[in-house]
Amino acid sequence: MATKSTTTAEETTQAVTKEKKFRLEELAKKSMKVFGVTSSTFAGATADLTEAEYTVSEVKKHIEEWKNGVVVKKKKEGK
């Protein structure tokens, strides 16, 4: 007898909404096409990101916040 696989709505939603992550270097190469910003704007906006990989949505949100002055860089100790 075959077993029926049951998937909850939450599991399905998580699987569908899970985005692929990319290295910043990969995203930088396509900055104009993907984010509508120049490579220099991309470099400035993402300079404070420290993770190895990000989703397109995460970087897009961060760039918009940076452009709107929401992102505040931390001051270095001793300055």
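Our structure is the block above this text.
Residues numbered from 1 in each chain as written. Predicted model: local features only at pLDDT ≥ 70, side-chain atom pairs only at ≥ 80, totals over all residues. Heavy atoms only, no water.

Undergrad: So what's going on with the packing of helix α4 (residues 39-46) against helix α5 (residues 56-67)? Residues and values would help.
TA: Viewed as axis vectors pointing N to C, α4 and α5 meet at an angle of 90 degrees, and their least axial separation amounts to 9 Å. Relative to α5, the element α4 lies roughly perpendicular. Here α4 contributes T41, F42, G44, A45 and T46 to the contact with α5, which in turn contributes V59, H62, I63 and W66. Residues of the contact of α4 with α5, tallied by class, amount to five nonpolar, four polar and no charged. (Axes fitted to C-alpha atoms, helices over the stretch in contact; angles between N-to-C directions. Helix = DSSP H or I, 4+ residues; strand = E, 2+ residues; numbered from the N terminus. Parallel < 35°, antiparallel > 145°, perpendicular 65-115°, else oblique. Contact = heavy atoms within 4.5 Å. Nonpolar A, V, L, I, M, F, W, Y, C, P; charged D, E, K, R; others polar.)

Undergrad: An account of the nonpolar core is requested, with residue identities and associated values reported.
TA: In terms of nonpolar packing, the biggest core is built from 10 residues, these being L24, L27, F35, V37, F42, A45, L49, Y54, V59 and I63. The set of elements that each furnish at least two residues to this core consists of α2 (24-29), α4 and α5. (Core = buried A, V, L, I, M, F, W, Y, C linked by side-chain atoms within 4.5 Å. Buried < 20%, exposed > 50% of the residue type's maximum accessible area, 1.4 Å probe, protein only.)

Undergrad: Go over the environment of L27, please, and point to the residues and values.
TA: Relative to the helices and strands, L27 is located in helix α2. Considering only alpha carbons, one finds L27 and T55, 28 residues apart in sequence, at a separation of 9.3 Å. Ignoring sequence-local partners within four residues, the contact set of L27 consists of F22, F35, F42, Y54, V56 and V59.

It is worth stressing that arrangement in space is one thing and function is another; only the former is reported here.
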